[in-house]
Every structure is written in C-alpha cells, then in structure tokens.
Amino acid sequence: MSTTFDKTTADLAQDSKAWPFDEARKLLKRLDRLKEKPETVLFETGYGPSGLPHIGTFGEVARTAMVRHAFRTLTEDNWQTRLICFSDDMDGLRKVPDNVPEQEMMAEHLDEPLTTVPDPFGTHDSFGAHNNARLMAFLDTFGFDYEFFSATECYRLGRFDETLLKLLANYDKVMDVILPTLGDVRRATYSPFLPVCPRTGKVLQVPMIARDEAAGTITYKDPGTGDEMTTPVTGGAVKCQWKADWAMRWVALGVDYEMAGKDLIDSVRLSGAIARILGAQPPEGFSYELFLDENAEKISKSRGNGLTIEEWLTYASPESLSLYMFQSPRKAKRLYFDVIPKAVDEYLSHLGSYPSLEADKQLNNPVWHIHEGAPGAGELPISFNLLLNLVSASNSEDASVLWGFIQRYAPGATPEEHPLLDHLVGYAIRYFHDFVKPNKKYRAPTDQERAALAELNDKFSGLPGGATGEDIQTLVYEVGKAHEFENLRDWFRALYEVLLGQSQGPRFGNFVELYGIEETREMIGKALK
C-alpha cells in the first residue's frame, strides 16, 4: 500500500510523538552522520528457526515495517528502502523443541544445521525450511513488503565471503571484545568461527589452533577423531558464533536499522563493537520489551507457550494483532487468549475515531501506522464484546441468526455493506465456542437479586418501543438503587453471572437493545425459575 506524500504530511511527521516517527528521526540522523550515503536504506528483522514462529516473531516484522513507513513519510519517499527478514537457519540445533513431533528422531540430529535436520512434520526438506515457510506464509497474509534471506544460502553462495575474510583478519580484535564477557570454561573454547564438520555435518564449537589469513583458513581438532582439520572460512564451510554472526551480517548486507528484544541489549552492544572493528557503522534500532504468557513467563519458541500466530487469526483480525504490536513496545505485555477481545475493540475504536481527527492527531492514531497512512472507513454499529455476549445469550452459533439481531439493532446493516462486521461475527462465534462456552458458570440469584430481577422484568414490559440503550441502562440503574445494592457494580455483576454465566460483560443497556427486550425478559424469567 502506498502513501501520497505532501509537504504538510512530512512537516507533521517531524513533530509527531508516535514512536515509529521517533525511530525514523533517529535513523535519519544516523544516515546524516555517514560519510558515504547508501543508495538504499536497509531495514532488517531476524528470525531464529530453532522453533516454530510465534507472535513475538511477527511483532518484530510489524513494528519494523511501521518504522520503515514512518521513515518514508518523514523523508517524502526520497530514499529507496528495503525490508529483509533474515533467518538464522544455518545455526546448529542445540535442543529439541518441546512442541514438535518425532522427538527421538530430532535428538539424533542435535548440533546439525537447521537446514539439514529432517522436518518432523514431513512437509519440507528440513526443519529449518518448514519453519521458514511457516513464517513467510504468515507474513504474506499480512501483505508485508519484504525479502526473505536464508543464512544457509548466504553462507554457501558466498554472499558473506568478503566480510568473513575481514573477520578472520581482525580475529584478535574480535576476541578482545568477546572474551571478557565469557566465563573461564567458555573462554577456553571460544572462537567466532564454528566449523561445519565434513565428517558429521555438525556445527562444531571448538577452539582454533591455527589461522592463515592469506589462505583464508582456520585449523581445529576434530573432537571425535583428534585429527587436525583445516577449512576455509568462506563458501559455507563455517558458521559464525551469534554475536560475531550478527555483526558480520550487518556489515555484509549494509543494514541500517534493526530492533531487538530487551534480552539482547548486551548482544547489540557487542555486535556493534565488532561491526566497527570490521569498518562499518552499526545499524540504528531500539530494544523492545518481551511478551509474556498468562503466567507472566517469557514466551519461548521451543516451549510453545503463549499464543501462536495462527491462533490469534482464528479468533480476531490481523489488524487487531498489529494494534497489539503497536501499543507500548517498551512495556512487557501478557499475550494470551483473554487479551484478544479487548484488542479487537480498541482497534475498532481507533478506526472509528480516525476520520474526525485533525491531521496531526491522525498521525498519532495507531491505525495510520497499521494501514500505512490510509485506513478505510470502519465505524461499526456494535462492538466485538457486545457480539460475544449476543452469541452467549442467544445460544446460537449461526451467523444468519446473529445477523437477524444485528439488523434489528441497526436497520439496513448487511454483511455485504459491513464486511468487517461480518468477519467479526465469525470471529465471535469461534471465540465463544472455544473459550467462553466451556467456562460459562451460571448461578442462582440471591434473595436480594431475585427481587431486583423480578422488578426489572416487570419494568421492561412497560418500556416503549424503540427504547434506546441509554434508556434501558437508566432503568437498570434505578432498579439497582431501589434494591439498595451496597455497590451497583455488584448488581451488574449479578446480571452477568445469573443471566450470561460470566462475571463481566458489555454495557448492559446496549446489550438489551441489541438482544431485544422481550428476549431479555424471557432470559430473566428462566433465571427466576
């Protein structure tokens, strides 16, 4: 999706407080400092395919794409830009992920490059290829403009050869940077180069016993045979250690911007130092906070805790996920199923308010960044939370039945005119079936609640036709006050628990307006029985 730039938009971008514009301004300052300006500004995101991709992986791509678009807006599209999604798929398999099949088979291939480990799912040539395909399929559904790079291909096809020889020539300087950060045991065996053993195919973590800069080779002992082995550092015969690898990649590809998780702050610093040793300026970027699961534990690809990419898209729109990534990137957030409805409604709220905002405020609205400056119309007659409760109260998982309620509430609304709302109906049905329905717990009303419900039922019968949600809400308040609930929240909680089998819900008046007064009276009558 492209953006039409004008002076006003670029000027407003200079003052926007949205974090992608902050990042874009930092990047522009970095470019101003460079003696040789690149023809193309390169944005990179990294993926370690040792486990299945998760939402955190997607989040890095989505956020980087937002910074890229902010940069293009700020500079009025005067720079060519590219976004690379780089997979570190030549890394050795250090442990078997908990969430994949064929565990015993996988264990037989420990330390082999991920692109030579057989695919336990049986769909691709290797485990690395399977995970790469999963990542690309998801990125493609979002329409990201990106290029996929495989570490295996870059090493084997010689794309890194020139920089690898620079790394060999600066071996001692690189060691001086890394060794002080290691413990005694690791320091004794560390080398920035990891040879790929020609005998076993494994990525070896062994010390170097000799180097030949002129020949471009290293020498090590085969840990299995004790034989001295000499191998070139080019052509895919070695894989670099993590921090050296990251720096080498930045230099070889000319990366200008890459963000990373907060847990990699030290790695960013060390890789930056190595990049300078190799004669390059490290990329600009920032450290984002990590996602947590519902138990406040870090999400891990190998453990498979937290939400998967596919799971979020089963129950909510891609745009709602993008919003979750946009909001507070430097704040740790829990990422599990309960956050989905709120994220959907927050997205709808931002989308609905966008057209009425002044131009400078539009650039601060998340949907401007989610939709690359061109969000469509999106004001909907009902919220996602209200839809969920409609499914719950009607006991129907039939979209046509739900649309009947919607059309009575909003005459003239159709799936054709409101495709976004039609998608939400499908999401609401699936979310209700999988998460709400199994956990519904109805309870009998207390004597106080029973009396209040009976009066509410009677008063509903006297409401005029076409009563608004506000009229109904006022009536519900009056009944609660009349029955002297110490806290009116207890009265509304009782309505949700007794009538809907849940502890909370939408604004009750709006729900009754959508569901229908007579239908609500019938629901109350059943509860009183």
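Keep in mind the model is a prediction, meaning the values are calculated, not measured.

Thresholds applied
- Residues numbered from 1 in each chain as written.
- Predicted model: local features only at pLDDT ≥ 70, side-chain atom pairs only at ≥ 80, totals over all residues.
- Heavy atoms only, no water.
- Helix = DSSP H or I, 4+ residues; strand = E, 2+ residues; numbered from the N terminus.
- Buried < 20%, exposed > 50% of the residue type's maximum accessible area, 1.4 Å probe, protein only.
- Contact = heavy atoms within 4.5 Å.
- Areas by Shrake-Rupley, 256 points an atom, 1.4 Å probe, with all protein chains shown as cover.
- Lys, Arg positive; Asp, Glu negative; His and termini not counted.
- Charge placed at Lys NZ, Arg CZ, Asp CG, Glu CD.
- Axes fitted to C-alpha atoms, helices over the stretch in contact; angles between N-to-C directions.
- Left-handed = near helix turned anticlockwise from the far one by under 90°.
- Nonpolar A, V, L, I, M, F, W, Y, C, P; charged D, E, K, R; others polar.
- Phe/Tyr/Trp six-rings, centres within 6.5 Å; stacked < 30°, edge-to-face > 60°.
- Lys NZ or Arg CZ within 6 Å of the ring centre and 35° of its normal.
- Core = buried A, V, L, I, M, F, W, Y, C linked by side-chain atoms within 4.5 Å.
- Polar contact = N/O pair within 3.5 Å; in protein donor to acceptor, adjacent residues only side chain to side chain.
- Pairing = 2+ DSSP bridges.
- Salt bridge = Lys/Arg side-chain N within 4 Å of Asp/Glu carboxyl O.
- Expected span 1.5 Å × (residues − 1).
- Right-handed = clockwise from strand over helix to strand, strands pointing away.

Caption draft 1: Layout of the overall build of the protein chain. If you tally the helices and strands in the protein chain, you get 24 helices and 12 strands. Its C-alpha atoms put the protein chain at 95 × 60 × 40 Å along the principal axes. In the protein chain, buried positions account for 51% of the 529 residues. Taking contacts inside the protein chain between residues at least 6 apart in sequence as the whole, the part at least 24 apart equals 68%. Counting every atom, the protein chain has about 23,900 Å² of accessible surface; 47% of that belongs to carbon and sulfur. A distance of 5 Å separates the average location of the 56 positive side-chain charges in the protein chain from that of its 78 negative side-chain charges.

Caption draft 2: Geometry of the packing of helix H2 (residues 19-33) against helix H3 (residues 55-74). Where H2 contacts H3, the axes come no closer than 8 Å and their chain directions differ by 65 degrees. Considering how the two elements wind past one another, H2 and H3 form a crossing that is right-handed. Contacts from Trp-19, Pro-20, Phe-21, Glu-23, Ala-24, Arg-25, Leu-27, Leu-28 and Leu-31 in H2 reach Arg-63, Met-66, Val-67, Ala-70, Phe-71, Thr-73 and Leu-74 in H3. For the contact of H2 with H3, the class distribution of residues is 12 nonpolar, 1 polar and 3 charged.

Caption draft 3: Structural view of the packing of aromatic side chains. Considering all chains together, one arrives at 27 aromatic pairs under this definition. With 5.7 Å between their ring centres and 45 degrees between their planes, Trp-312 and Tyr-324 make a pair best called tilted. Placement of Trp-312 in helix H12 (residues 309-315) and of Tyr-324 in helix H13 (residues 318-326) is noted, with a sequence separation of 12 residues between them. When the centroid spacing of 5.9 Å and the interplanar angle of 80 degrees are considered together, the rings of Tyr-315 and Phe-337 count as edge-to-face. Highlighted residues: Tyr-315 in helix H12 and Phe-337 in the loop between strand E12 (333-334) and helix H14 (340-353), separated in sequence by 22 residues. On the basis of relative accessible area, Tyr-315 is assigned to the buried category, the value being 8%. Take Phe-337: its relative accessible area is 21%, and that puts it in the partly exposed class. Each residue in the set Phe-405, Tyr-496, Phe-508, Phe-511 and Tyr-515 is aromatic and connected to the rest through ring pairs, giving one cluster. Of note, Lys-333 hangs over the ring of Tyr-324, and the distance from its end group to the ring centre comes to 4.2 Å.

Caption draft 4: Representation of H13 within the structure. In terms of burial, H13 is largely enclosed, as 7 of its 9 residues are buried. Buried within H13 are the following residues: Ser-320, Leu-321, Ser-322, Leu-323, Tyr-324, Met-325 and Phe-326. Backbone geometry just after H13 places Ser-328 at a positive phi near 45 degrees.

Caption draft 5: Looking closely at the nonpolar core. Phe-58, Trp-312 and Trp-491 are the most contacted members of the largest nonpolar core, which totals 109 residues. With 10 residues, the top contributor of residues to this core is H3. Not counting chain neighbours up to four residues away, the residues in contact with Phe-58 comprise Phe-138, Leu-139, Phe-142, Phe-144, Ile-309, Leu-321, Ser-322 and Met-325.

Caption draft 6: Spotlight on the packing of helix H17 (residues 384-394) against helix H18 (residues 399-409). Packing of H17 against H18 brings their axes to within 11 Å, and their N-to-C directions diverge by 115 degrees. Handedness of the crossing formed by H17 with H18: right-handed. In contact with Leu-387, Leu-390, Val-391 and Ser-394 of H17, H18 contributes Leu-402, Phe-405 and Ile-406.

Caption draft 7: Representation of the environment of Asp-212 within the structure. Assignment of secondary structure puts Asp-212 in strand E5 (residues 210-212). For Asp-212, a relative accessible area of 34% puts it in the partly exposed group. Setting aside residues no more than four positions away along its own chain, Asp-212 makes contact with Leu-168 and Thr-217. A polar contact is formed between the side chain of Asp-212 and the backbone nitrogen of Ala-214, at a distance of 3.1 Å.

Caption draft 8: Highlighting the sheet that holds strand E7 (residues 228-232). The strand order across the open sheet formed by 3 strands is E5-E6-E7, and the pairing between neighbours is antiparallel. Across the chains shown, the open sheet's two edge strands, defined by having one partner strand only, are E5 and E7. Averaged over all neighbouring strand pairs, the angle between strand axes comes to 20 degrees, with direction disregarded. Here 5 bridges tie strand E6 (residues 217-221) to E7, and the two strands are oriented antiparallel to one another. Following the sheet pairing, Thr-219 is matched in E7 by Thr-230.

Caption draft 9: Spatial organisation of the pattern of salt bridges. Counted under the stated rule, the structure contains 28 salt bridges. With a shortest N-O distance of 3.3 Å, Arg-211 and Asp-172 are connected by a salt bridge. With Arg-211 in strand E5 and Asp-172 in helix H8 (residues 171-178), this residue pair connects regions lying 39 residues apart in the sequence. Classification of Asp-172 by relative accessible area gives partly exposed; the value is 46%. One salt bridge in this structure joins Glu-497 and Arg-443, with 2.7 Å as the shortest N-O distance. With Glu-497 in helix H22 (residues 488-500) and Arg-443 in the loop between helix H19 (419-436) and helix H20 (447-461), this pair connects stretches of sequence that are 54 residues apart. Residue Glu-497 is classed as buried on the basis of its relative accessible area, which comes to 18%. Salt bridges linked by common partners bring Glu-44, Asp-88, Lys-239, Asp-245 and Arg-249 together as one network.

Caption draft 10: Main features of the sheet that holds strand E2 (residues 80-87). Spatial strand order, E1-E2-E3: 3 strands in an open sheet with parallel pairing. The outermost strands of the open sheet, each flanked by one partner alone, are strand E1 (40-47) and strand E3 (147-150). Across the sheet, the mean angle from the axis of one strand to that of its neighbour is 30 degrees, orientation sign disregarded. Those strands touched by H3 are E1 and E2, and its axis lies near 170 degrees from that of E1.

Caption draft 11: A look at H19. Along its 18 residues, H19 runs 24 Å from first to last C-alpha, staying within 8% of the 26 Å computed at 1.5 Å per residue. Three or more residues of H19 are buried, namely Leu-421, Leu-424, Val-425, Tyr-427, Ala-428, Ile-429, Tyr-431, Phe-432 and Val-436. Buried residues belonging to H19 abut H12, H13, H14, H17 and H18.

Caption draft 12: Layout of the pairing of E1. Across the 8 residues that make up E1, a large majority, 6, are buried. In terms of strand pairing, E1 meets E2 through 8 bridges, oriented parallel. Bridge pairing in E2 places Leu-42 opposite Arg-82. Running through H3, the crossover from E1 to the neighbouring parallel element E2 is right-handed.

Function-wise, these values are silent; they only describe arrangement.
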